[in-house]
Amino acid sequence: IKKIKKISFRYKKDHLNLLCGDEEEPVAISIVRDNESKEYKALIRTKDGNLRRSIPEEELKVPFYRKLVGKKTPSKKQIINNLAPELLSKKNKLKNVNDPRVPKALLNMEEKQTIKGFKFGLLFCDEGQTKEQDMFGNVDGSEAFEEFLDFLGTRVELKGWTKFRAGLDVTNGSTGKYSLFSEFSNNEIMFHVSTLLPYNNLDPQQLERKRHIGNDIVVIIFIEGDQVYRPTTISSRQIHVVILVKPEIIDDETHYRVAVVARPGVPKFAPLLPEDPVFPKGDEFREFLYTKLLNAEKACYKAPMLDTKLTRTRTLLLKDLSDQYL
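What counts, and where the lines are drawn
- Residues numbered from 1 in each chain as written.
- Predicted model: local features only at pLDDT ≥ 70, side-chain atom pairs only at ≥ 80, totals over all residues.
- Heavy atoms only, no water.
- Phe/Tyr/Trp six-rings, centres within 6.5 Å; stacked < 30°, edge-to-face > 60°.
- Helix = DSSP H or I, 4+ residues; strand = E, 2+ residues; numbered from the N terminus.
- Buried < 20%, exposed > 50% of the residue type's maximum accessible area, 1.4 Å probe, protein only.
- Core = buried A, V, L, I, M, F, W, Y, C linked by side-chain atoms within 4.5 Å.
- Contact = heavy atoms within 4.5 Å.
- Salt bridge = Lys/Arg side-chain N within 4 Å of Asp/Glu carboxyl O.

Student: Give me the packing of aromatic side chains: which residues, what numbers.
Tutor: This model, assessed by the stated rule, comprises 15 aromatic pairs. Centre to centre, the rings of phenylalanine 124 and phenylalanine 145 are 5.0 Å apart; their planes meet at 40°, and the pair counts as tilted. Taken together, the residues phenylalanine 124 in strand E6 (residues 118–125) and phenylalanine 145 in helix H5 (residues 143–152) connect sequence positions 21 residues apart. Each member of the pair phenylalanine 124 and phenylalanine 145 is classed as buried. Between phenylalanine 279 and phenylalanine 288, the aromatic rings sit 4.7 Å apart at their centres with planes inclined by 35°, giving tilted as the arrangement. Accessibility expressed as a relative area gives 14% for phenylalanine 288, which makes it buried.

Pasting the structure below:
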């Protein structure tokens, strides 16, 4: 797992920006010549994502006819043909844009797609509970659940919180006084913990709690008891992966049994569970669980519903860009 960084493309260097305003497949390409590596580098933005390509300048021979007219560099067409051959059909539609506002607009577009932190739901399921209304209605967790929270992260006061907040209120306390936060592999992670979100005794469905946890892509359910969890228990279009964690005491030591439930269309993601998925509480399990969480979210973006949403968003952003500057 690596920190997901901004993908700004050397905007301090002179570079070539090309836009294609195709209705269904808009494209934005930035090309720069790197004097240090002696390469031409390109950032290709499409509705399916961003691609980075590079080619040594020695492989791009300047045609003799360009030399005859004093040109010392390859043509735009030649560079595109070598860096993005799949865009050959669009080469006549790609237009060079010299508007000085474009680099900033590209950066803004990229920032809108940048993951600034990870948020995961964490729901407490008491012994015998099989309905989501009962789970969301738990005012407090068990001792084992509290132990798990302390193992998983750090309880932080939300008022005045300056790091990743995952949509929680850090000013007026409307989403509770405390939450659970952690950092792993240079990523900031905030949990929506059911028992730390406000409880409303007038709302049996606890919609305020579900508003946060039900909109998370990956959720941990901490289960006390031997009841069977059914994938249809939590009604949410957004939740794609549920990681079940059940505490067990073995030789007077805390262990956790883990299971994973994923929606159809979510590809498998590492690390895979061992044949006997029981882990002793410790740093090794903590690293396993966090790696599993982050990879789960990454895998979910390839599921049909989320992939369609992301593709639609990228298409609209690229189309807006071309509509404004072409």
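There is more to say after this.
Student: I'd like a rundown of the nonpolar core, residues and numbers included.
Tutor: The nonpolar side chains of soluble globular proteins are, as a tendency, buried together. Core analysis: the largest hydrophobic core is formed by 38 residues, its most contacted members being Leu122, Phe148, Phe191, Ile220 and Leu293. Counting residues per element, this core draws most heavily on helix H7 (residues 283–300), which supplies 9 residues. Contact partners of leucine 293, with chain neighbours within four places excluded, come to Phe120, Phe191, Val218, Ile220 and Ile243. Among the nonpolar cores identified, the runner-up in size contains 23 residues, and Cys125, Met135, Leu197 and Val242 belong to it.

Student: Before we move on, can you summarise the pattern of salt bridges with the specific residues and values?
Tutor: Opposite charge on two side chains makes pairing possible when the charged atoms of those side chains draw close. Under the definition given, this model contains 19 salt bridges. The residue arginine 155 makes a salt bridge to aspartate 150 at a minimum N-O spacing of 3.1 Å. The exposure class of arginine 155 is partly exposed, given its relative accessible area of 33%. Ionic pairing is found between arginine 257 and glutamate 248, a salt bridge with its closest N-O pair at 2.7 Å. Through salt bridges with shared partners, a single ionic network connects Glu23, Lys319 and Asp323.

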